[in-house]
Protein chains: 2
Amino acid sequence: MRMRVAEEARFMSDRVFDVDPYAITTTRLADDQVRLIESMTSIGNAHMGMRGNFEEGYSGDTHRGTYVAGVWFPDKTRVGWWKNGYPEYFGKVVNATNIIAVDVEIDGERVDLFTGEHEDFRLRLDLRNGLLRRSFAYATASARIRLEFERFLSIETPELLFQRVRVTVLAGAPHVRMTPRLDGDVHNIDANYGEQFWSEASRGCAPVPHLSLRTVPNPFGTPQFTVTSGMRATAAGLAPAGVVDEPLQVGEVFATHAEPGATMELVKTTAVVTTRDIDQAQHVDAVDRLLTASASRSFDEHLAAHTALWERRWARAQVVIEGDDEAQQGIQFNLFHLFSTYYGEDERLNVGPKGFTGEKYGGATYWDTEAYLVPLYLALASPEVTRALLAYRHRQLPQAQHNARQQGLAGALYPMVTFNGIECHNEWEITFEEIHRNGAIAHAIHLYTRYTGDRSYLEGEGLEVLVEISRFWADRVHFSRRAGAYMIHGVTGPNEYENNVNNNWYTNYLAAWVLAFTSDTLDDVPADRAAALGVTDDERTQWRAVSANMHLPVDEDLGVNVQHDTFLDKDLRRVDTIPGDQRPLNQNWSWDRILRSCFIKQADVLQGMYLFEEDFSIDQLRRNFAFYEPMTVHESSLSASIHAIVAAAVGERAKAIELYRRTARLDLDNYNNDTEDGLHITSMSGAWLSIVQGFAGMRATDAGLSFAPFCPADWTAYAFTVGYRGRVLAVRVAADRVEFALSGAPLQIFVFGRPHTVDGSLALEIPAVR
Amino acid sequence: MRMRVAEEARFMSDRVFDVDPYAITTTRLADDQVRLIESMTSIGNAHMGMRGNFEEGYSGDTHRGTYVAGVWFPDKTRVGWWKNGYPEYFGKVVNATNIIAVDVEIDGERVDLFTGEHEDFRLRLDLRNGLLRRSFAYATASARIRLEFERFLSIETPELLFQRVRVTVLAGAPHVRMTPRLDGDVHNIDANYGEQFWSEASRGCAPVPHLSLRTVPNPFGTPQFTVTSGMRATAAGLAPAGVVDEPLQVGEVFATHAEPGATMELVKTTAVVTTRDIDQAQHVDAVDRLLTASASRSFDEHLAAHTALWERRWARAQVVIEGDDEAQQGIQFNLFHLFSTYYGEDERLNVGPKGFTGEKYGGATYWDTEAYLVPLYLALASPEVTRALLAYRHRQLPQAQHNARQQGLAGALYPMVTFNGIECHNEWEITFEEIHRNGAIAHAIHLYTRYTGDRSYLEGEGLEVLVEISRFWADRVHFSRRAGAYMIHGVTGPNEYENNVNNNWYTNYLAAWVLAFTSDTLDDVPADRAAALGVTDDERTQWRAVSANMHLPVDEDLGVNVQHDTFLDKDLRRVDTIPGDQRPLNQNWSWDRILRSCFIKQADVLQGMYLFEEDFSIDQLRRNFAFYEPMTVHESSLSASIHAIVAAAVGERAKAIELYRRTARLDLDNYNNDTEDGLHITSMSGAWLSIVQGFAGMRATDAGLSFAPFCPADWTAYAFTVGYRGRVLAVRVAADRVEFALSGAPLQIFVFGRPHTVDGSLALEIPAVR
């Protein structure tokens, strides 16, 4: 308990950002916090995005990053000791042209917050529409000015970035020069050998300043990308003063001798297109057309149209927490960044671990999508969004078959990390062994089918995926003659603080479930489907046999499912026996010590029991939670939310609330001390899951939606909205009362296990805690 | 059986080298075999060595390599995902100045065996004295010549390289130009980021051409080295024609217009000194002095003195196999290269995995030294040589303590790979987990003590090492409440085809033995020694408890020691169920598949039973051999010899002979298809161990030497010599008879378990196979 207080005190004192329910704001600018600020104020619109870098440049420690969705480079891998089956390349997001650049010079002196004298710094990212604003007063030897920057990435026309820069002269009569630029002199921090991923393909200043960068050739046969940016700048109070046209740089120059008190304003619009959508030969035309079309409306008009679209999103997805601004800020922050990263418009895309906020980890697709994001998108967006995520995997089935072949195995192995479906991660204990991901991808098909009631994907493309995943599992198991059961040796479960274990309960359970689910689905579809998929009767018999005879480690005395074969031989201890100064373990303990310890990084057995809750009694769930949670350090961003949900289900409400805070404010409070590298995008569903599945106890079952709500004691109430089978259901939970408001046809729901029909609205009492 | 024949046929047809009992000879020069030839004809004298590169250069595929003992560079590590406790740098042997260079030009055309027309190529490395000779006829447009090269690295004055080059004009009257050079334009193949490790420190042509290279500065605080080479050349039939003095190059030029039939001869002597021995400021003086002193004798006189010293070595170590030239060549090749790498003169050195024959693997000290080489050096060299190897570890005790601290553990953890004692290898499953090495280092102290009868090292510095290793083990175990025993989780045993296993029998047995051995030794020394070492009574109690209550997995039904906790759950199969085209597994199977399979890379349980043979009955040994050997693929160079010894002990003579061949001719027949990278130096004791401990059944026990000899059916007889406690014992084994000849005081030995006293000589009958 002492530790938690100490921990909280640390977070409070370190807090860079104010508590504001719908914005990220700060008036602090510490040199050593700039990367953190940049991460937190990233913006994106699914097509592209960038970190909260400063338009005028910054000569201190900074990580400039602009990223374009689906544009990547196969970097040469870097690993000490090569092993057969290792991938040949590591797909990296490419740090793209810096399109925000606007140099500002006052009497020839470049404005730079690292070196220059400034005050009244204010930074604000609006978490409802993604408008980023920054202002400060700045003094040179000869003058004082006020500078204001605004920018947003349009969700109406995702190729467009809008910027406005305003200079007000507070003292003196300086010469003011502003240079809006496109800067292609960029490189990846995350490049294994420091190589440049780009070269200039073309540039020019007519019809608009434009710059095309092309990824350099690669020896792996993956496509090259060209990204072209074009800009248009208009100025009030400044006169054109030339152009910039030199290698990797194009732009325009505006200047004036300013009067005391004068205000100058520059509006810069930038269009970005790629060869993912448009032939390179058409790029200049395309950006010119986009810029010409956009010129018919003002910055404010564009912002208004953009904001209206965000409001439409929020109408379907807004979560309101009454009486707790910190909690509100947490959920708003997470949903805002998630929707900024992916909103289902482009089914060639997926959700990368850092979105557009950084470049760490490489790849752009992790199992996080299926395991943590699908339930959220099912409820908050149209079914087509989730179906796009499923189709993404179906499209990559040949590559997943390639991955399995690389390991000498049948069927399909979906990658741990990828852009194109080919595995591109190089740790054997992860790449070869963290294969439970293959189960999560199958399970997401089940989630979609159960939530939407639409069996067409399952019985169509989904079944092709399921069959190949089943083939993989059936080959990856072995029969242990000694145990008389099928086993899966050499895996890493969700708990990455143990590697290369045998019979990880989660993996085995999930694999057995996939084999049964595929078999059941084959039983349900016309007989010629199996033949068309080349599935033999022998295979079907084997899949049933493996599923039915999978070894599942269980300890009858403890009444728990056992994480893996030898877990109970460990020195089993509670997390609270670890001295506080040794946390987080991954920054304080050697890898050796972490691996040998009993301490769990993230939900493992509990992750499985969460996925298959209906297979277990509440008593089983309670015993397993009581056994595992005290050994769990939650050092994965994916851990707290699942534990919050299970804690709520077993009545551990205080624990559920504690874990909600942790997941909701992971980046806001920089819990893992790594937010400067970028935000934890794929875990951002955690806060929503904790509220909706945790506090409100929502489940989608075959019988429909069910709820078992409670309201955290510190909150007055909370409200959220979910879409469900053509309807929108608004839910508000207060301490003693839950209210439902439905748009659409009447719906039967279950509350605390009892059926109710909602037609318009429904209010029910919440019984006092049992 | 079919497979073995096919395998043998492959080796025969691929054989590059002739079967010659005391030489490596070939008349074949295939472009794609040059690296292999270079490895095989490497020479060394413990101070330095080089691959069998061609003096005149070679423009085809080649790996030029010259290495100076103890000179290394801390290369930046390369690893995908950093983890706590990982080392900061990876120590690499540095490819040093090419000192063999002698350019030869005929009418301005440079002689180059890759591009030029040549015939009658002959190459011969004498395995008795390391004289390397090469000759060929070479035709240019205008002339035909014969070229002969000879070189050797002196073991009389190890700083010196002697070379002789002879040109005979066969046709024409060409202009002949020869340029003996020192070439510092060299780089490491094994450099993680392709960086240069050297820069020129100084050079000049007076008093002799000399070149100093200095390792570039490093950020890790490890010492820089300067290596200075100086040369002196004399020519007959050629006139001085200038000098070479340009960056990284110095040399002299000799030329003549040759008459038809003329013979020209160049003798080049090179001296190499380093800052390991001599201050950089004295280097030029030192090489000049060495060269001046050497000038008083001719090439042939130096060769004779050098050869006489080699003969002295052979008198103590020669193994003779009568009736099998292949087998003779195998043992001769191994002993020659081993003595060329290390002969105990410099106790700052150890035996690197490639010696002076390549640069793969990095580091220069592996556990191989203690596990495989100590028994050989004990028998073939003076006790001081082994004591130097032990002292090497004692000197690095503080670094081993550092390694343990890096893992958060007490005591000392000797490194997997090192130059200076600091771990410099970066695979967690090896670096952190292959900790059985720590036991081998303790066990070598026991081997030395038992063989020599000298307890002074054990009770002196040895005890300091034992105490710190014991502290490590006592901290690395944990007590499993469930099992009521101490366990060692998360290790990699000698079988590196499984990683991160729990309770590896070998590791646990060895750890328990170390704790008991240390405790016993502490009981034997005066009580104040323990106090001086800071060993408390509590520690001693704990060490005894851990040793006595160590969990040792055993299967009573099978009657075998179990490799690790879950080994028997695997799909247990014999190696002969693997299709032949899938061998070796490490070149054909994914790492995932190898890890999950039952197939064993090298002796693991059997390695332990070999070390502690006296703890087990012959029946236990037989059952374990019968169980494990059929699952063993012997894909480590360290495997076959241990199996040969155990096979001999349990009466599996055919198997023992097969495995002897494999270990003795590993490089000669390029079994693992990797000899082009360099020779497998640290496994070169294998052939000797197979003969002496295997066929002759020699054991050093507390009671003295014992023998249980047999003669392989294909051999007429074999003979070897061992030193033992101030005596030299020659042993000759024929089919029906073993003869002993002793120099020194009478010695009691045991033959087939019965005591005999040797005084001068003894002959005994060998009973027919039971």
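Above this note sits the structure.
Residues numbered from 1 in each chain as written. Chains lettered and ligands numbered in written order. Predicted model: local features only at pLDDT ≥ 70, side-chain atom pairs only at ≥ 80, totals over all residues. Heavy atoms only, no water.

Undergrad: What am I meant to see in helix α14 (residues 537-548) of chain B here?
TA: In an α-helix, one turn spans 3.6 residues; hence positions three or four apart end up facing the same way. An ideal rise of 1.5 Å per residue puts 16 Å on twelve residues; α14(B) measures up with 17 Å between its terminal C-alpha atoms. Buried residues along α14(B) sit against α11 (456-476), β22 (485-487), α12 (505-524) and α13 (527-532) of chain B. (Helix = DSSP H or I, 4+ residues; strand = E, 2+ residues; numbered from the N terminus. Expected span 1.5 Å × (residues − 1). Contact = heavy atoms within 4.5 Å.)

Undergrad: I keep staring at the pattern of salt bridges and nothing clicks. Help me out?
TA: Side-chain pairs of opposite charge can arise where the charged atoms are in close proximity. Taken as a whole and assessed by the stated rule, the structure comprises 114 salt bridges over all chains. Taking the shortest distance from any N to any O, the salt bridge between Glu496(A) and Lys601(A) comes out at 2.6 Å. With Glu496(A) in the loop between β22 (485-487) and α12 (505-524) and Lys601(A) in the loop between α16 (591-596) and α17 (605-611), this residue pair connects regions lying 105 residues apart in the sequence. Of the residues examined, Lys601(A) reaches a relative accessible area of 15% and is grouped as buried. Ionic pairing is found between Asp454(B) and Arg387(B), a salt bridge with its closest N-O pair at 3.0 Å. In this pair, Asp454(B) is assigned in the loop between α10 (437-452) and α11 and Arg387(B) in helix α7 (residues 383-395), connecting sequence segments 67 residues apart. On the basis of relative accessible area, Asp454(B) is assigned to the partly exposed category, the value being 22%. Through salt bridges with shared partners, a single network forms among Glu55(A), Glu56(A), Arg134(A) and Arg151(A). (Salt bridge = Lys/Arg side-chain N within 4 Å of Asp/Glu carboxyl O. Buried < 20%, exposed > 50% of the residue type's maximum accessible area, 1.4 Å probe, protein only.)

Undergrad: Honestly, the interface of chain A and chain B in this entry has me stumped. Any pointers?
TA: It is common to report an interface's size as the accessible area lost on association of the parts. Chain A puts 50 residues into the contact, and the matching count from chain B is 51 residues. Carbon and sulfur atoms supply 48% of the area buried between chain A and chain B, which totals about 4400 Å² over both sides. Summed over the shared surface of chain A and chain B, the result is six salt bridges. Between Asp571(B) and Arg481(A) there is a salt bridge; the shortest N-O distance is 3.5 Å. Remark: the boundary between chain A and chain B carries 26 residue pairs in polar contact (both at pLDDT 80 or more). (Buried area = accessible area lost by both parts, 1.4 Å probe. Polar contact = N/O pair within 3.5 Å; in protein donor to acceptor, adjacent residues only side chain to side chain.)

Undergrad: Which parts of the structure should I look at to understand the environment of Ala656(A)?
TA: Residues and elements named next belong to chain A. One can find Ala-656 in helix α20 (residues 653-664). Looking at Ala-656, the relative accessible area reads 0%, which means it is buried. Expressed as a C-alpha distance, the spacing of Ala-656 and Asp-475, which sit 181 residues apart in the sequence, is 39 Å. Once residues lying within four places of it in the same chain are set aside, the contact partners of Ala-656 are Ala-644, Ala-647, Ala-648 and Phe-695.

Undergrad: What should I look at first to understand the pairing of strand β27 (residues 717-724) of chain A in this one?
TA: Two faces belong to every sheet, and in a regular strand the side chains alternate between them. All names here are of chain A. Burial analysis of β27 places eight of its eight residues in the buried class, the great majority of the element. The alternating pattern of β27 places Ala-717, Ala-719, Thr-721 and Gly-723 and Tyr-718, Phe-720, Val-722 and Tyr-724 on opposite faces, both of which are buried. By the bridge criterion, three bridges tie strand β20 (residues 320-322) to β27 in an arrangement that is antiparallel. Paired with Val-320 across the strands is Ala-719, a residue of β27. In this structure, β27 lies alongside strand β28 (residues 727-734), joined through eight bridges in antiparallel fashion. Counted as the bridge partner of Ala-719 is Arg-732 from β28. (Pairing = 2+ DSSP bridges.)

Undergrad: Sorry if this is basic, but what is going on with the side chain of Arg662(A) here?
TA: All names here are of chain A. By the secondary structure assignment, Arg-662 is in helix α20. Look at Arg-662 and you get buried, because its relative accessible area is 16%. Setting aside residues up to four positions removed in sequence, Arg-662 forms contacts with Val-633, His-634, Ala-640, Tyr-671 and Asn-672.

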